Amino acid sequence: MENLEPKDTRDLLSSTQSRHLLYDVGRQERSSSSIPNEDANTSKIQLILYLIPVIGFFPSLWTLYRRQGSREQLATSRLSITLASAWLLGYLLLATGAATSDLFTLRLFILNSFLTSGYFLISVWLIIRLLQGRSKRLPGFSNFAERMLGKYLS
């Protein structure tokens with residue numbers, strides 16, 4: 001029967017130490033390479049927060065008010081504020097029209113529900129596109145947001 005133990009204890013220590021050194025070097029490389037990844041994840045989480053219907057309006061407004069954030073965060077904040085403002089304006093106008101009209105009440109409430117559903121669906125669609133790494137712009141609407149809010153809030 002053969003003895004499988006190392007002949008010299010220095011060989012055992014050196015192999016154990018070399019494994020620990022390799023592990024430490026690999027861990028340092030992973031930790032240094034994960035720092036930009038964490039920033040990207042944090043930025044992505046912030047962008048998702050901005051795009052949440054109704055709730056995202058407030059962090060978006062705060063970001064634009066402080067004028068801090070990346071170009072992508074500022075553009076997404078402008079889009080979020082423009083979407084929420086357009087929805088709120090349309091919602092209030094349709095609700096006021098439904099409350100004052102006797103003839104078109106039901107039709108205006110139905111339009112109001114379509115407007116609200118559309119706002120929520122567009123927000124969810126933008127979040128999905130963000131998670132896929134695709135563009136977060138809406139044709140025409142993003143340009144409008146850049147022109148209008150770009151003047152006043154950034």
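*Asks:* I keep staring at the nonpolar core and nothing clicks. Help me out?
*Replies:* Soluble, globular proteins show a tendency: their nonpolar side chains are buried together. Within the largest apolar cluster, nine residues are counted, these being Leu 51, Leu 79, Leu 83, Ala 84, Trp 87, Tyr 119, Leu 126, Ile 127 and Leu 138. Elements supplying a minimum of two residues to this core: helix 3 (71-100) and helix 4 (105-132). For Tyr 119, the residues in contact, after removing those within four places along its chain, are Pro 53, Val 54, Leu 83, Ala 84 and Trp 87.

*Asks:* Please explain helix 2 (residues 57-66) as it appears in this structure.
*Replies:* Residues separated by three or four positions in an α-helix point in the same direction, a consequence of the helix having 3.6 residues per turn. Those residues of helix 2 that fall on the buried side of the exposure criterion are Ser 60, Thr 63 and Leu 64. For helix 2, the buried positions fall inside an angular range of 95° around the axis, keeping them on one side. Exposed and facing more than 90 degrees away from the buried side of helix 2 are Phe 58, Trp 62 and Tyr 65. Phi for Arg 67, located one or two positions after helix 2, is positive at around 60°.

*Asks:* Before we go on, may I ask you to explain a nonpolar patch on the surface in this structure?
*Replies:* Among the surface-exposed residues, Leu 106, Ile 110, Leu 111 and Phe 114 lie close enough to one another that they form a single nonpolar patch of about 430 Å² accessible area. Relative to the elements of secondary structure, Ile 110 occurs in helix 4.

*Asks:* Can you walk me through the pattern of salt bridges in this structure?
*Replies:* Side chains bearing opposite charge may pair, as long as their charged atoms lie close to each other. Per the counting criterion, the structure on display carries one salt bridge. A salt bridge links Glu 146 to Arg 78; its shortest N-O distance comes to 2.9 Å. Of the two residues, Glu 146 is situated in helix 5 (residues 141-153) and Arg 78 in helix 3; the sequence distance between them amounts to 68 residues.

*Asks:* Help me out: how do you make sense of the packing of helix 2 against helix 3 in this one?
*Replies:* Their axes nearest at 9 Å, the elements helix 2 and helix 3 cross at an angle of 130°. One finds that helix 2 runs oblique with respect to helix 3. Crossing of helix 2 against helix 3: the hand is left-handed. Contacts from Phe 57, Ser 60, Leu 61, Thr 63 and Leu 64 in helix 2 reach Leu 74, Ser 77, Arg 78, Ser 80, Ile 81, Ala 84 and Ser 85 in helix 3. Looking at the contact of helix 2 with helix 3, its residues break down into six nonpolar, five polar and one charged.

*Asks:* Help me understand unusual backbone geometry, please; the structure alone is not making it clear to me.
*Replies:* Across the chain, the bulk of peptide bonds are trans and the bulk of non-glycine residues have phi less than zero. Positioned with a positive phi, Val 54 is a non-glycine residue whose angle comes to about 65°. Note that Val 54 resides in the loop between helix 1 (9-51) and helix 2. The exposure class of Val 54 is partly exposed, given its relative accessible area of 35%.

*Asks:* How should I be thinking about the packing of helix 3 against helix 4 in this particular structure?
*Replies:* The description of two helices packed together rests on the angle between their axes and the distance between the axes. Between helix 3 and helix 4, the least distance of the axes is 8 Å, while the angle of their chain directions is 170°. Taken as axis vectors, helix 3 and helix 4 run roughly antiparallel relative to one another. When helix 3 is examined against helix 4, the residues Leu 79, Leu 83, Ala 84, Trp 87, Gly 90, Tyr 91, Leu 94, Ala 95, Gly 97 and Ala 98 are found in contact with a partner set consisting of Thr 105, Leu 108, Phe 109, Leu 111, Asn 112, Leu 115, Thr 116, Tyr 119, Ile 122 and Leu 126. Considering only residue class, the contact of helix 3 with helix 4 consists of 15 nonpolar, five polar and no charged.

Calculation notes
Residues numbered from 1 in each chain as written. Predicted model: local features only at pLDDT ≥ 70, side-chain atom pairs only at ≥ 80, totals over all residues. Heavy atoms only, no water. Core = buried A, V, L, I, M, F, W, Y, C linked by side-chain atoms within 4.5 Å. Buried < 20%, exposed > 50% of the residue type's maximum accessible area, 1.4 Å probe, protein only. Helix = DSSP H or I, 4+ residues; strand = E, 2+ residues; numbered from the N terminus. Contact = heavy atoms within 4.5 Å. Arc of directions from axis to C-beta. Patch = residues over 30% accessible without salt bridge, like charges linked within 9 Å, V, L, I, M, F, W, Y side chains within 5 Å. Areas by Shrake-Rupley, 256 points an atom, 1.4 Å probe, with all protein chains shown as cover. Salt bridge = Lys/Arg side-chain N within 4 Å of Asp/Glu carboxyl O. Axes fitted to C-alpha atoms, helices over the stretch in contact; angles between N-to-C directions. Parallel < 35°, antiparallel > 145°, perpendicular 65-115°, else oblique. Left-handed = near helix turned anticlockwise from the far one by under 90°. Nonpolar A, V, L, I, M, F, W, Y, C, P; charged D, E, K, R; others polar.

Worth remembering: the numbers are spatial, not functional.
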